[in-house]
Amino acid sequence: MKLQRKNRRVLALGALAVSGALALTACGSDDTGSSSGGSSASASTGGSNIKCDDAKGQLLADGSSAQKNAIDAWVKAFTAACSGVQINYKGGGSGAGVTAFTQGTVAFAGSDSALKPEEVTASKSVCSSGQGIDLPMVGGPIALAYKLDGVDDLVLDAPTVAKIFDGKITKWNDAAIKALNPSATLPDLKIQAFHRSDESGTTDNFTKYLIATTPDNWKYSGGKAWQAKGGQAASGSSGVAAGVKATNGAIGYMELSYAKDGLSTVSLDTGASAPVKASSDGATKAIADAKVVGTGSDLALKMNYTTKADGAYPITLVTYEIICDKGNKSDTLPATKAFLRYIASEDGQNILSGIDYAPVPADIIAKVRTTIEGLS
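Residues numbered from 1 in each chain as written. Predicted model: local features only at pLDDT ≥ 70, side-chain atom pairs only at ≥ 80, totals over all residues. Heavy atoms only, no water.

## Some thoughts on the side chain of Asn 205
Looking at the secondary structure, you find Asn 205 in helix H8 (residues 201–213). Classification of Asn 205 by relative accessible area gives buried; the value is 4%. Sequence-distant contacts of Asn 205, defined by excluding residues within four places in its chain, comprise Asp 112, Ser 113, Ile 142, Tyr 305, Thr 316 and Leu 317. (Helix = DSSP H or I, 4+ residues; strand = E, 2+ residues; numbered from the N terminus. Buried < 20%, exposed > 50% of the residue type's maximum accessible area, 1.4 Å probe, protein only. Contact = heavy atoms within 4.5 Å.)

Below you can see the structure in the form of structure tokens.
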């Protein structure tokens, strides 16, 4: 089976999985599965042992479009095993997900940025006797995907990327790009830089990279909303990918799983021995430098965007599932815990590397599993 072959490959790369990396992309799904329920039932599908427990009913969730593809794969496996459970994930972006969570309209949310203090405060009104917490569940590289006829390999560095997305470099044959690509035939063509129109954790992480690595060339404060002037705006990672794909001379930032079908990806000159291309392995090496900065049961991470480690791809995000530590709704808690338990399991994490995501480092995912069991 394909999944079994993927699992064997992941196990063969066990050392990498232990050292780290996350990455997902979630998606809405109305699929419902069959077979089993019960207080301690489990079902085996596609090589996965999924504990359904008392899971039943419908789970509504919203948030990160970065994890859309990963959530989709997880939902398919989970609902095939657990009868009577329906999971509808609306990947409306991290901002929409956090808003929905603090308003109490979803069982959990996905976000590529950890909750801010004011968002934690807001969550206390829906988490009776508790608060919202961040559970890192998937990680992955944010690729700089481009379409430029005749140019299949392109190297950029942080200052050049910042100037492109800030409208300071406007032509592909600019001297700064030529210097990084001496053997490439660069056209006298306008650069069309695409960014997210919606509030997005992908934007937040991309701009955190620019702020950390080239503050002189990126003067904005950052956050989920795009702040630079000009450029082309599109909704969701899929919208950015579609815009770049349709435009010769375009470039945009998106999760690696969207950078397909006619799109090329930039290699970053990070100061390492060689430029680094976006990959799951590169994300894993970058996430190995992440530190847990959350307190209590919150497991928010801080990335090192300035890493110069060989092979480490620095524009890497971590997607969190946001849930109440206490005070979850009794009608959705069993299904929510069962689903989160599955996606944090070895089987759930092993799916990720086959769909351009990276599993969460072993020591961190172990803490996630413990936290999930304590949810109430």
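## Re the environment of Ile 177
Locating Ile 177 in the fold gives a position in helix H7 (residues 175–180). Taking C-alpha positions, Ile 177 is 9.5 Å from Val 161, a pair spaced 16 residues apart along the chain.

## A look at unusual backbone geometry
Residue Asp 53 is not a glycine yet carries a positive backbone phi of 50°. Looking at the secondary structure, you find Asp 53 in the loop between strand S2 (48–51) and strand S3 (57–63).

## Brief notes about the packing of aromatic side chains
For the structure on display, the rule yields 12 aromatic pairs. On the basis of an interplanar angle of 70° and a centroid distance of 5.1 Å, the ring pair of Phe 165 and Phe 206 is categorised as edge-to-face. Residue Phe 165 is located in helix H6 (residues 158–165), and its partner Phe 206 is located in helix H8; the two are separated by 41 residues in the primary sequence. By relative accessible area, which is 5% here, Phe 165 ends up buried. A relative accessible area of 0% means that Phe 206 is categorised as buried. Taken together, the ring pairs in this structure connect Phe 165, Phe 206, Trp 218, Tyr 220, Trp 226 and Tyr 253 into an aromatic cluster. (Phe/Tyr/Trp six-rings, centres within 6.5 Å; stacked < 30°, edge-to-face > 60°.)

## Regarding the sheet that holds strand S7 (residues 155–157)
Read across the sheet, 3 strands follow the order S7-S12-S13 without closing on themselves; strand pairing throughout is mixed. Two strands close off the open sheet at either side, each with one partner strand: S7 and strand S13 (276–277). Its contacts with the sheet place H6 against S7 and strand S12 (267–269), and it is angled at close to 90° to S7. (Pairing = 2+ DSSP bridges. Axes fitted to C-alpha atoms, helices over the stretch in contact; angles between N-to-C directions.)

## Here's the deal with the packing of helix H3 (residues 68–81) against helix H11 (residues 333–344)
To characterise two packed helices, one gives the angle between the axes of the helices and the distance between these axes. Contact pair H3 / H11: the axes reach a minimum separation of 10 Å and the direction vectors enclose 120°. For the pair H3 and H11, the crossing hand works out as right-handed. Contacts between H3 and H11 involve Trp 74, Val 75, Ala 77 and Phe 78 on the former and, on the latter, Ala 335, Ala 338, Phe 339, Tyr 342 and Ile 343. Of the residues that constitute the contact of H3 with H11, the class distribution is 9 nonpolar, no polar and no charged. (Left-handed = near helix turned anticlockwise from the far one by under 90°. Nonpolar A, V, L, I, M, F, W, Y, C, P; charged D, E, K, R; others polar.)

## Looking at H11
The first and last C-alpha atoms of H11 sit 16 Å apart over 12 residues, in line with the 16 Å expected at 1.5 Å per residue. Among the 12 residues that make up H11, 11 are buried, leaving the element largely enclosed by the rest of the structure. Those residues of H11 that sit buried are Leu 333, Ala 335, Thr 336, Lys 337, Ala 338, Phe 339, Leu 340, Arg 341, Tyr 342, Ile 343 and Ala 344. (Expected span 1.5 Å × (residues − 1).)

## A look at the environment of Ile 164
Here Ile 164 is to be found in helix H6. In this view, Ile 164 contacts Leu 156, Ile 169, Ile 177, Ile 191, Ala 193 and Ile 251; residues no more than four positions away in its chain are not counted.

## Brief notes about the state of the cysteines
Following the criterion strictly, the structure yields 2 disulfides and no others. Each bonded cysteine in the protein gets a number by its place in the sequence, and the pairs come out as 1-2, 3-4. (Disulfide = S-S within 2.5 Å.)

## Points about the packing of H11 against helix H13 (residues 362–373)
Taken N-terminus to C-terminus, the directions of H11 and H13 make an angle of 165°; their axes are 10 Å apart at the nearest point. With respect to each other, H11 and H13 are oriented roughly antiparallel. The two elements H11 and H13 cross, and the hand of that crossing is left-handed. Of the residues in H13, those touching H11 at Lys 337, Leu 340, Arg 341 and Ala 344 are Ile 365, Val 368, Arg 369, Ile 372 and Glu 373. (Parallel < 35°, antiparallel > 145°, perpendicular 65-115°, else oblique.)

## Brief notes about the pattern of salt bridges
Oppositely charged side chains can pair when the atoms bearing their charge come close. What the rule picks out here adds up to 7 salt bridges. Among the ionic pairs, Lys 171 bridges to Asp 188, the shortest N-O distance being 3.1 Å. With Lys 171 in the loop between H6 and H7 and Asp 188 in the loop between H7 and strand S8 (192–196), this pair connects stretches of sequence that are 17 residues apart. Overall, Lys 171 belongs to the partly exposed group, its relative accessible area being 34%. Beyond isolated ion pairs, a larger network of salt bridges with shared partners links Asp 53, Arg 341 and Glu 373. (Salt bridge = Lys/Arg side-chain N within 4 Å of Asp/Glu carboxyl O.)

## Some words on the pairing of strand S10 (residues 250–255)
A large share of S10 lies buried, amounting to 6 of its 6 residues. Examined bridge by bridge, strand S6 (residues 132–147) and S10 share 6 bridges and lie antiparallel to one another. Looking at the pairing, Ile 142 lines up with Glu 255 of S10. Sheet topology note: the S8/S10 ladder contains 3 bridges and is parallel. Paired with Phe 194 across the bridge in S10 is Gly 252.

The quantities given are spatial measurements derived from coordinates; they are silent on function.
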